[in-house]
4 protein chains.
Amino acid sequence: MIRFNNDYNHGAHPAILEALVSTNDEAFEGYGLDPWCEAAAAEIVKYLDEADRDRAQVHFLVGGTQTNFTVISALLRPWESVVSPASGHINVHETGAVEHIGHKIEALPAENGKITAAQVEKIARDFRDSTIPEHITEPKMVYLSFSTEVGSLYTLAELEAMRAVCDEYGLYLFIDGARLGYGLGSPECDMTIADIARLTDVFYIGGTKCGALFGEAVVIMNPALAPSFRSAIKQNGGMLAKGWLLGLQFHTLFKDGLYFEITRAAIGKAIRIRDAFAAVGVPAYAESPTNQQFVILNEEQMRILGEKYIYEYEADLGEGCHAVRFCTSWSTTDAEVDALVADIEKLAAE
Amino acid sequence: MIRFNNDYNHGAHPAILEALVSTNDEAFEGYGLDPWCEAAAAEIVKYLDEADRDRAQVHFLVGGTQTNFTVISALLRPWESVVSPASGHINVHETGAVEHIGHKIEALPAENGKITAAQVEKIARDFRDSTIPEHITEPKMVYLSFSTEVGSLYTLAELEAMRAVCDEYGLYLFIDGARLGYGLGSPECDMTIADIARLTDVFYIGGTKCGALFGEAVVIMNPALAPSFRSAIKQNGGMLAKGWLLGLQFHTLFKDGLYFEITRAAIGKAIRIRDAFAAVGVPAYAESPTNQQFVILNEEQMRILGEKYIYEYEADLGEGCHAVRFCTSWSTTDAEVDALVADIEKLAAE
Amino acid sequence: MIRFNNDYNHGAHPAILEALVSTNDEAFEGYGLDPWCEAAAAEIVKYLDEADRDRAQVHFLVGGTQTNFTVISALLRPWESVVSPASGHINVHETGAVEHIGHKIEALPAENGKITAAQVEKIARDFRDSTIPEHITEPKMVYLSFSTEVGSLYTLAELEAMRAVCDEYGLYLFIDGARLGYGLGSPECDMTIADIARLTDVFYIGGTKCGALFGEAVVIMNPALAPSFRSAIKQNGGMLAKGWLLGLQFHTLFKDGLYFEITRAAIGKAIRIRDAFAAVGVPAYAESPTNQQFVILNEEQMRILGEKYIYEYEADLGEGCHAVRFCTSWSTTDAEVDALVADIEKLAAE
Amino acid sequence: MIRFNNDYNHGAHPAILEALVSTNDEAFEGYGLDPWCEAAAAEIVKYLDEADRDRAQVHFLVGGTQTNFTVISALLRPWESVVSPASGHINVHETGAVEHIGHKIEALPAENGKITAAQVEKIARDFRDSTIPEHITEPKMVYLSFSTEVGSLYTLAELEAMRAVCDEYGLYLFIDGARLGYGLGSPECDMTIADIARLTDVFYIGGTKCGALFGEAVVIMNPALAPSFRSAIKQNGGMLAKGWLLGLQFHTLFKDGLYFEITRAAIGKAIRIRDAFAAVGVPAYAESPTNQQFVILNEEQMRILGEKYIYEYEADLGEGCHAVRFCTSWSTTDAEVDALVADIEKLAAE
């Protein structure tokens, strides 16, 4: 069976394992206070606009759910809420971690995984104009994913509009970049890390789904926020004792652009799969120019592809139709894609 | 100006003040361990079916928001969520208190302030059938208001259907009865307190909005729940030092049926207002057979009625139309209603 | 049986009941936005130094536990802790409410119910000098009670020293004044409300134990704190729907100095009891110049006094000795004290 | 510089890296649902008494702080507290994570890092006998570390006595085994994993400090607890996407007893260091038969050893004396210990 179900079903890009092996005999300071974390942060910051580099604060955590609730817990006061697409990861796949830590999520209807600046403005304006503001939570942060949970992308114009609304109403803009590499690496993306950094208060760069064993790099751009962010990391269980393991991985990914090599290659493979499905008339469930492809299969198609491939089941759409996901990653080989494409082509004949 | 904006704009029914005055020179044990709380609980339990009386546990808290988050905090485990109509009080008017205490609210679209057993069954079944239950919260409680936030009522059949779903999926049924008296006192209601008690795991009887100075009586019907509920009350700030003030009020309300006298009279006045609006063609915003009447006014109508009456503004419906609320309570006089009805009738001529 | 067990075993001072009765037919805006709350705040602020009046923000809550955790939740960030005497109310009698809301209490050994500026300085300095600050909570608030849980008082010099430490280390000073009236009303007190206000970031004025039916008036002196304090009150269940009931009570207590009349009279009676015990050689368990008197009785003495009086049991001190509390309040009569004193005098003969 | 400051300053035992490298090309199911986690659990369970194996439930988390608050959050109800030595890791080195998640820690004075069954019995009995149980938290769990934070050990008799108290009062017994291997591997230990499992409700086996890159294996022995523990792990950010990385490491450590080989070797080296200090009259700060050695140095001794070795600073003991820690681990070489011992011996000549 070949796994296309997600982008975290293999270990790490070989360069990362190599880095772990080659440093295994060295001793380091713990808890992220080591030279590798420092060097990794320096490499990441190089991708930012020069004017933005000084204020960027980089921290390394282990996983995405942890990163999301740690950032939100550290930034928001108890009566403040976070605005999110209803399909946002924090709203549907984190076992209520944000609420568990004390904050309401204001879920907005999403289209193709995205919300608009106008939607956010409405909720912010409704709060500002409310005659009973103390009876409702104050929307104080916008949470977006890039690329989104369905593989889609915000454009630079969309993100600038979102920033403008955040500025007008005093909201923080937080981008969950668990798949940042797949967003920025897409041929349809019109942004760079520098844009993301310039336009957000805080964002993170996913390692787990982009070639690392694990790890997420949080970049805090608004220096007024979270002066005690390391305390928040520790309190929420995200401070790895052997913190250099995180620094080492991100250093490997960022010092020579390996991060984007990995994600671009994976996207190329995903596009081949997308095009193959389109060619035989299998409809897309979401429009994605990134490494996740969601398509609508009937049960016979599911059965046939399920004989050789593991895909992720998403939703029963009724009338015998089902949404499923095919994902690529650093470990996906051309041979695997060749095989899948060939089998997709055969679907036409069924 | 005459206040029709809510049902808590006056002190207390005179009988309650009289009870406070007449006992002011006596000394009592604190924290709800006094004879008045005991006597009040006994009076309340008399309204239940005989078979249900022994297992009922009655506690007195000060206010509604407090009662809601205390009950939810006491009953649910961290990964469990509460299913509520999107328009439910806990979801829109309690400053995120339920999330603050750690629980996600699964908000379902409501119609006329209500959700259906079928809606609840879908979310419960989706969880049971989920392939990744640990990534999502477990729906474990259904929260309903009776009467609802827009004055509407569940029927006995609807509540029995809800109970059946709760039984099938292991959910608790919790009824917020901040306006229980207005629900049960409505001529259109086909239930009694005994039905509510029989069909729920926990519910409460509102005092604040039904003639008391303040106070809500929680009735826990499922004895397996919250063995340490008094600890939960104290921890959440709801244990009044002079707890007999609560017992005394509920004893006054329940010993001779004053509670329903109050609410029936108020509903009668509200129906007069409803009929007056209908007679001049002012549309209802929600269908309510209880003490809250929501109507749709244009701006000229708002201006005219706003000269003599305070109503509660609800929502801008666009095109110059606005939803507003007119409420009655124990303190609403016939003269006040006569005046309002006369002024409503004049709207026809405008 | 005559109750001396606490200072909240009767209803309210008659002037307060009179105020409730005389306004019962009037309608008010809810949630503390009424003229009585405004007037009560104005009366309270008059007790402050002129220079401090503008920055004082007054809010009314229902009870003490609620007030404590609401203030702490509103002021502290997640990784910040509150320093308290080990005997502080938040540490021993609130069912872990502060921890429940997410904050560690750093409990310091107390002497006669009090901690010193030097103790606080040590913990603050230890944190500042820590090589691993992110592994420990940051002491950010000092919590004191005045009068304390054993009836003792801080002096002006002690409070000024505490303020100086707080200033040096950036800590907030929060005084729980559930018994503020008994502290300030004591003949041994060298402070006024104005001093308390000048030296704290936030404090509150207890109503429940000082003659009201219920209610605590929070005075926020540091305007940078809690810009959304009303949201915190609502979220934590402390916003009374009929908020004017609180304003009305505090207005009654403060407009003509009734608050201190009540507490001074009660203290006078408590001193008579203290002196009577001392005269017959019954040792004090704590030194108190206020309305609470803690004495050490043997079992025979407990039995004898227990025949006519209800006192509060505190602790088994071993060897047949027990600490108990005798309390006075607005409702304690001279006749009750005469009787108790006479019975204490008889103990000498046993 | 040679690091003796802690037991987590190197990567992983070579066998673990080898396991990661050799499986890097294979694809696995995520979130701990892979064959390696299953196999690792099976290997761990083999160490238990046969009668205990069926009820043991094994889960893998990333780090210790995370594991502690996840277990406590999953097992305790809001009003329940955890009893811990004052020196316990949860009380002093986890940034208030347990309180952040809502629970009070009842810290008891520790001697040589340990508390006694009698101390626990007193607090449990005080609660049971309390006349106001709802005003205080209910002690419901005992938290111990094995080996402790100062390297000391509970004996089998001590743990059995603790279990007996827990049984009598209905408390859970939870052992933090971040250094379980160093406890069980000590020549002075009279217990096995089977004893730990038999006597506790839940415990965990530390990987991070015992040769793994990271990871802690929680073993739930009381099947009534935490039926939804995977939900708790996910909600608290401890569910690693590439969960097989944890299974793989624990499988490597447990399949042939490598875990204890590692810890026994490290303890042997630590004992050499302990004996060297003792031989030159350097006093121990705590009595430890495990891999952590705490000694009291004067400033000249600190300076001399600080030229070649990194140790961990613990506390200023006054009068020029300081407590410091020397630690060994899988990575400590004989040559490093030879060098340190030689330099310690030279201290005698100073």
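What you see is a predicted model, and the numbers here were worked out from it, not measured in a lab.

Draft legend 1. The pattern of salt bridges, seen in detail. Evaluated as defined, the whole model comprises 81 salt bridges over all chains. Between Arg325 of chain A and Glu312 of chain A there is a salt bridge; the shortest N-O distance is 3.1 Å. A residue pair is termed long-range when its members are at least 10 positions apart, and Arg325 of chain A in strand E12 (residues 321–327) and Glu312 of chain A in strand E11 (residues 312–318) qualify at 13 residues. The class of Arg325 of chain A is buried, set by a relative accessible area of 5%. A salt bridge links Arg163 of chain D to Asp201 of chain D, with the nearest nitrogen and oxygen atoms 3.0 Å apart. You can see Arg163 of chain D sitting in helix H8 (residues 156–169) and its partner Asp201 of chain D sitting in the loop between helix H10 (193–199) and strand E7 (202–206), a full 38 residues away along the chain. By relative accessible area, Arg163 of chain D is classed as buried at 12%. Residue class for Asp201 of chain D comes out buried when judged on its relative accessible area of 7%. Connected through shared salt-bridge partners, Asp49, Glu160, Asp195 and Arg198 of chain A make up one network.

Draft legend 2. Representation of the relation of the copies chain D and chain A. Mapping chain D onto chain A calls for a rotation angle of 180 degrees and an axial translation of 0.0 Å; the resulting RMSD is 0.0 Å. Here the two chains are linked by the operation of a two-fold rotation axis.

Draft legend 3. The arrangement of the interface of chain C and chain B in detail. Between chain C and chain B, the residue contacts involve 44 residues of the former and 44 residues of the latter. Taken over both partners, the interface formed by chain C and chain B buries close to 3,800 Å², and the fraction arising from carbon and sulfur atoms is 57%. When the buried surface of chain C facing chain B is broken down by residue, Asn24, Gln235 and Lys242 of chain C rank first, second and third, together holding 17% of it. The tally of links between chain C and chain B comes to 2 salt bridges. Among the salt bridges present, the one from Glu29 of chain B reaches Arg3 of chain C, with a minimum N-O distance of 3.2 Å. The element that contributes the greatest number of residues to the side of chain C that touches chain B is helix H4 (residues 64–75) of chain C, accounting for 4 residues. In terms of residue class, the side of chain C that touches chain B is made up of 20 nonpolar, 17 polar and 7 charged.

Draft legend 4. Inspection of the pairing of strand E12 (residues 321–327) of chain B at higher detail. Residues and elements named next belong to chain B. Within E12, 6 of the 7 residues are buried, which leaves the element mostly enclosed by the surrounding structure. In terms of strand pairing, strand E9 (residues 292–298) meets E12 through 7 bridges, oriented antiparallel. Paired with Leu297 across the bridge in E12 is His322. With 5 bridges joining them, strand E11 (residues 312–318) and E12 adopt antiparallel strand pairing. Across the sheet, Glu312 pairs through a bridge with Arg325, a residue of E12. Connecting the antiparallel pair E11 and E12 is a turn made up of 2 residues, with Glu319 showing a positive phi of about 55 degrees.

Draft legend 5. Fine view of helix H8 (residues 156–169) of chain A. Residue and element names in this part refer to chain A. Between its first and last C-alpha, H8 extends 20 Å over 14 residues, near the 20 Å set by a 1.5 Å rise per residue. Looking at the packing, one finds that the buried side of H8 touches helix H7 (117–129), strand E5 (138–145), strand E6 (172–176) and helix H10 (193–199). Of the residues trailing H8, Gly170 is marked for its positive phi of about 70 degrees.

Draft legend 6. Structural view of the interface of chain D and chain A. Contacts between chain D and chain A engage 44 residues on the former and 44 residues on the latter. Summed over both partners, the interface of chain D with chain A buries about 3,800 Å², with 57% contributed by carbon and sulfur atoms. Of all residues in chain D, the largest losses of buried area upon contact with chain A belong to Asn24, Gln235 and Lys242 of chain D, amounting jointly to 17% of the total for that side. Taken together, the connections running from chain D to chain A amount to 2 salt bridges. Our count for the contact surface shared by chain D and chain A stands at 26 residue pairs in polar contact (both at pLDDT 80 or more).

Basis of the calculations
- Residues numbered from 1 in each chain as written.
- Chains lettered and ligands numbered in written order.
- Predicted model: local features only at pLDDT ≥ 70, side-chain atom pairs only at ≥ 80, totals over all residues.
- Heavy atoms only, no water.
- Salt bridge = Lys/Arg side-chain N within 4 Å of Asp/Glu carboxyl O.
- Helix = DSSP H or I, 4+ residues; strand = E, 2+ residues; numbered from the N terminus.
- Buried < 20%, exposed > 50% of the residue type's maximum accessible area, 1.4 Å probe, protein only.
- Least-squares fit on C-alpha atoms with pLDDT ≥ 70 in both.
- Contact = heavy atoms within 4.5 Å.
- Buried area = accessible area lost by both parts, 1.4 Å probe.
- Nonpolar A, V, L, I, M, F, W, Y, C, P; charged D, E, K, R; others polar.
- Pairing = 2+ DSSP bridges.
- Expected span 1.5 Å × (residues − 1).
- Polar contact = N/O pair within 3.5 Å; in protein donor to acceptor, adjacent residues only side chain to side chain.

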